[in-house]
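Chain by chain, the residues:
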Amino acid sequence: MKPKHYILFLFLFTFYNFSFSQGISKIQLVGADAIEFDENLGNGARRLIGNVRFKQDNISMTCDSAYFYPRENNFDAYSKVHVQRDTSLDVYSSFMHYTGNNKVAQFRKNVILTDNDLVLKTNHMDYDLKDNSGKYFNYGIIIDSASTLESQWGFYIPGKKQLFFKDSVRVKNEKYI
């Protein structure tokens, strides 16, 4: 191998290893009461039943049942869905589609987000766990120690304690509506 080719090969190998190490983490299946594999589900899906537990980096996720697609690095969670990021954020819902490659959770039905003294309730929320931000649409209620806020659309950034609201915003507290 000529010195120029060797240097080029070494550079490409080093770059490949660096980019791979900076890559996307895989969703880990921690456990479930039962795991079923069925060719008819497609894409190597596994049906998980009972006490389903996943983990990805600092995110823990549980539910009653799920369809897990390890090749695509995502899953659909059903019933008693709970997502916890570190110890600061909890989200509960009846359904969630989670995409592990970009760490986005699409929560649907009976969504409740708790962050210290703040509670957000909605039926439709998308949450980016990588950027730690969420948006709800089709109506939501935010309750804190002093007031209740209702709006059709909202955006929440917990780390910065920032909230944005749009469309039919209504705030109630002891002093005003």
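Shown above is the structure to which this text applies.
None of the values given here were measured: they were computed from a predicted structure.

Caption draft 1: A look at the packing of aromatic side chains. Inspection of every chain in the model, using the stated rule, returns 6 aromatic pairs. For the pair Phe 155 and Phe 164, a centre-to-centre distance of 6.3 Å together with 45 degrees between the ring planes defines the contact as tilted. Here the aromatic cluster, defined as three or more aromatic residues joined through ring pairs, consists of Phe 54, Phe 68, Phe 75 and Tyr 98.

Caption draft 2: How the structure looks around the nonpolar core. If you look at the biggest cluster of nonpolar residues, it comprises 30 residues, and the most contacted ones within it are Phe 54, Phe 75, Met 96, Tyr 98, Phe 107, Leu 113 and Met 125. When contributions to this core are tallied by element, the ones reaching two or more residues are β3 (46–56), β4 (59–69), β5 (74–85), β6 (89–99), β7 (104–115), β8 (118–128), β9 (133–143) and β10 (147–157). The element best represented in this core is β4, accounting for 5 residues.

Caption draft 3: Structural detail: the side chain of Ser 151. With respect to the element layout, Ser 151 can be found in strand β10. Here Tyr 136 takes part through its side chain, which lies 2.5 Å from a polar atom of the side chain of Ser 151. A distance of 3.0 Å separates a polar atom in the side chain of Ser 151 from the backbone oxygen of Trp 153. Non-local contacts of Ser 151, meaning those with residues more than four positions away in its chain, are made with Tyr 136, Tyr 139, Gly 140, Phe 165, Lys 166, Asp 167, Ser 168 and Val 169.

What counts and how
Residues numbered from 1 in each chain as written. Predicted model: local features only at pLDDT ≥ 70, side-chain atom pairs only at ≥ 80, totals over all residues. Heavy atoms only, no water. Phe/Tyr/Trp six-rings, centres within 6.5 Å; stacked < 30°, edge-to-face > 60°. Core = buried A, V, L, I, M, F, W, Y, C linked by side-chain atoms within 4.5 Å. Buried < 20%, exposed > 50% of the residue type's maximum accessible area, 1.4 Å probe, protein only. Helix = DSSP H or I, 4+ residues; strand = E, 2+ residues; numbered from the N terminus. Polar contact = N/O pair within 3.5 Å; in protein donor to acceptor, adjacent residues only side chain to side chain. Contact = heavy atoms within 4.5 Å.

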